[in-house]
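# Results of the structural survey
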Amino acid sequence: CPTLSGPPIASGNMGELWIDPTNNDLLIKKFKTPHNRTESQLLIELNSLLYEIRPSAKETLKQNFAWPLNLYGTTSSITAIQIPLAPKSFFRDIKMLGDTDTKLMTLQYLVDKDWWQSAVVETREPKLSLEDRIELSHHMLTTLLTLWESGGVYGDFSFLNLIWSTEPTPRI
């Protein structure tokens, strides 16, 4: 794993994210607890899946998932992974209590009308047409179907782990 310095750009339950010091378009996710042998083997299998499927499925999965591009550690203890940084269109500036913060648009921001109407949020809720919402749903389902048809399993399906954008077309 490349040497990581300074504070992480984000932190979650499983680990922390840093901009990859060797490539600003990639992230390093360092796990709080190294993966055990079974978890490590699952990551190795997921990583190798890209080399076993048809090219169009490979491109779909690489474009639509934070796919583990590189694994760091050993076959019995993965400590970090390298994943792509989401394109800029998946981020929005949100003004709250006078401060502006750039947030990754997780699906929770698309479905939680109460959050946008809270007194602390000054930014208006994005307006999406019914057609855009249908396209987002279709994109999500066809992407998951591609993963399933390729032999992969997505085991962490939640509003917090899905991101969306409407540029250049609606997609999740």
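This text gives an overview of the structure that appears in the document. (Residues numbered from 1 in each chain as written. Predicted model: local features only at pLDDT ≥ 70, side-chain atom pairs only at ≥ 80, totals over all residues. Heavy atoms only, no water.)

Time to look at the nonpolar core. Among the nonpolar cores identified, the biggest contains 14 residues, and Trp164 and Ile172 are the most heavily contacted of them. No other element matches helix H3 (residues 107-111), which puts three residues into this core. What Ile172 contacts, discounting residues up to four positions off in sequence, is Asn64, Leu107, Leu136, His139, Met140, Leu162, Ile163 and Trp164. Of all hydrophobic cores here, the second largest spans eight residues; its members include Leu49, Ala57, Leu61 and Trp67. (Core = buried A, V, L, I, M, F, W, Y, C linked by side-chain atoms within 4.5 Å. Buried < 20%, exposed > 50% of the residue type's maximum accessible area, 1.4 Å probe, protein only. Helix = DSSP H or I, 4+ residues; strand = E, 2+ residues; numbered from the N terminus. Contact = heavy atoms within 4.5 Å.)

Moving on: the environment of Leu107. By the element assignment, Leu107 lies in helix H3. Excluding residues that lie within four positions of it along the chain, Leu107 makes contacts with Phe159, Leu162, Trp164 and Ile172.

Let us look at the packing of helix H2 (residues 55-64) against helix H5 (residues 130-149). Running from N to C, H2 and H5 point in directions that differ by 125 degrees, and their axes come no closer than 10 Å. Considered as vectors, H2 and H5 are oriented oblique to each other. Pair H2 / H5 crosses with left-handed handedness. Across the interface between the two elements, Ala57, Thr60, Leu61 and Asn64 of H2 pack against His139, Thr143, Thr146 and Leu147 of H5. Here the residues of the contact of H2 with H5 are counted per class, giving three nonpolar, five polar and no charged. (Axes fitted to C-alpha atoms, helices over the stretch in contact; angles between N-to-C directions. Parallel < 35°, antiparallel > 145°, perpendicular 65-115°, else oblique. Left-handed = near helix turned anticlockwise from the far one by under 90°. Nonpolar A, V, L, I, M, F, W, Y, C, P; charged D, E, K, R; others polar.)

Moving on, we come to the packing of aromatic side chains. What characterises a pair of aromatic rings is the spacing of the ring centres plus the angle enclosed by the ring planes. Tallying each qualifying case throughout the model produces four aromatic pairs. With centroids separated by 4.8 Å and ring planes inclined at 70 degrees, the aromatic side chains of Tyr109 and Trp115 adopt a geometry described as edge-to-face. Judged by relative accessible area, Trp115 falls into the buried class, the value being 18%. With a centroid separation of 4.9 Å and an interplanar angle of 90 degrees, the aromatic rings of Trp115 and Trp116 are classed as edge-to-face. Exposure remark for Trp116: the relative accessible area of 5% places this residue in the buried category. Here the aromatic residues Tyr109, Trp115 and Trp116 are joined through ring pairs into a cluster of three or more. (Phe/Tyr/Trp six-rings, centres within 6.5 Å; stacked < 30°, edge-to-face > 60°.)

What follows covers helix H1 (residues 37-49). Helical geometry note: an α-helix holds 3.6 residues per turn, so side chains three or four residues apart project in the same direction. Taking 1.5 Å of rise per residue, 13 residues should cover 18 Å, and H1 covers 18 Å from first to last C-alpha, within 8% of that figure. For H1, the complete set of buried residues consists of Ser40, Leu43, Asn47 and Leu49. Among the structural elements, strand S3 (26-31), strand S4 (70-74), strand S5 (77-84) and H5 are those in contact with the buried residues of H1. For H1, the N-terminal capping position is held by Asn36, with its side-chain oxygen 3.0 Å away from the main-chain nitrogen of Thr38. (Expected span 1.5 Å × (residues − 1). Polar contact = N/O pair within 3.5 Å; in protein donor to acceptor, adjacent residues only side chain to side chain.)

By secondary structure assignment, the location of Gly12 is in the loop between strand S1 (10-11) and strand S2 (15-19). For Gly12, a relative accessible area of 34% puts it in the partly exposed group. For the pair Gly12 and Lys32, spaced 20 residues apart in sequence, the C-alpha separation works out to 9.2 Å.

Turning our eyes to something else, we now look at the environment of Ile163. Its place among the elements puts Ile163 in the segment after H5. As a C-alpha pair, Ile163 and Phe90 span 73 residues in sequence and 6.8 Å in three-dimensional space. Not counting residues up to four positions away in its chain, the partners in contact with Ile163 are Ala86, Phe90, Leu104, Met105, Thr106, Arg171 and Ile172.

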